[in-house]
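Read off the chains here:
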Amino acid sequence: MSFVGDDMQRRSRDRNPIKPMTLGNIRSLGVVSLDAICEETLCGHAGQINVSVLPDGFPVIDVALRLRCSRYGSKSVSTRPNWLEYRASGTPNGLRN
Ligand SMILES: [Zn+2]
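Residues numbered from 1 in each chain as written. Predicted model: local features only at pLDDT ≥ 70, side-chain atom pairs only at ≥ 80, totals over all residues.

Some thoughts on the nonpolar core
Thought 1: By size, the foremost hydrophobic cluster in this structure holds 14 residues, and its most contacted members are Met 1, Ala 36, Ile 49, Val 63, Leu 67 and Val 77.
Thought 2: Here this core takes four residues from strand 2 (residues 33-38), the largest share from any one element.
Thought 3: Setting aside residues up to four positions removed in sequence, Val 63 forms contacts with Leu 34, Ile 49, Val 51, Leu 54, Phe 58 and Thr 79. (Core = buried A, V, L, I, M, F, W, Y, C linked by C-beta atoms within 7 Å. Buried ≥ 20, exposed ≤ 12 C-beta atoms within 10 Å, placed from the backbone. Helix = DSSP H or I, 4+ residues; strand = E, 2+ residues; numbered from the N terminus. Contact = placed C-beta atoms within 7 Å.)

Structure, rendered in structure tokens:
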């Protein structure tokens with residue numbers, strides 16, 4: 001997966017009353033990268049994207065608009081937070097049970 005230029009089409013989200021999850025939201029949970037998945041049926045290429053170059057206010061779903069599959073060049077890429085990096089704030093180390 002790699003970033004492409006600014007020629008992408010913007011998704012219209014004006015009618016969506018729910019504020020999209022932003023990179024700032026997931027960073028506050030300890031997540032600093034995204035899983036990117038190619039949606040081409042015959043590909044399914046997936047990778048992790050470091051989004052440290054993007055601002056806190058950047059919506060997670062819009063990162064996908066900047067990605068292109070490095071295998072087939074497809075722009076049908078979806079992104080989701082890499083929850084493996086999730087750290088619940090205030091959670092002590094060790095098991096409770
Ligand atoms: Zn692909």
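Looking at the sheet that holds strand 3 (residues 46-50)
Thought 1: Across the sheet, three strands lie side by side as 3-2-5; this open sheet has antiparallel pairing. The open sheet has two edge strands, strand 3 and strand 5 (77-81), and neither has a second partner. Sheet twist, expressed as the average angle between the axes of neighbouring strands with direction ignored, equals 30°.
Thought 2: Here five bridges tie strand 2 to strand 3, and the two strands are oriented antiparallel to one another. (Pairing = 2+ DSSP bridges. Axes fitted to C-alpha atoms, helices over the stretch in contact; angles between N-to-C directions.)

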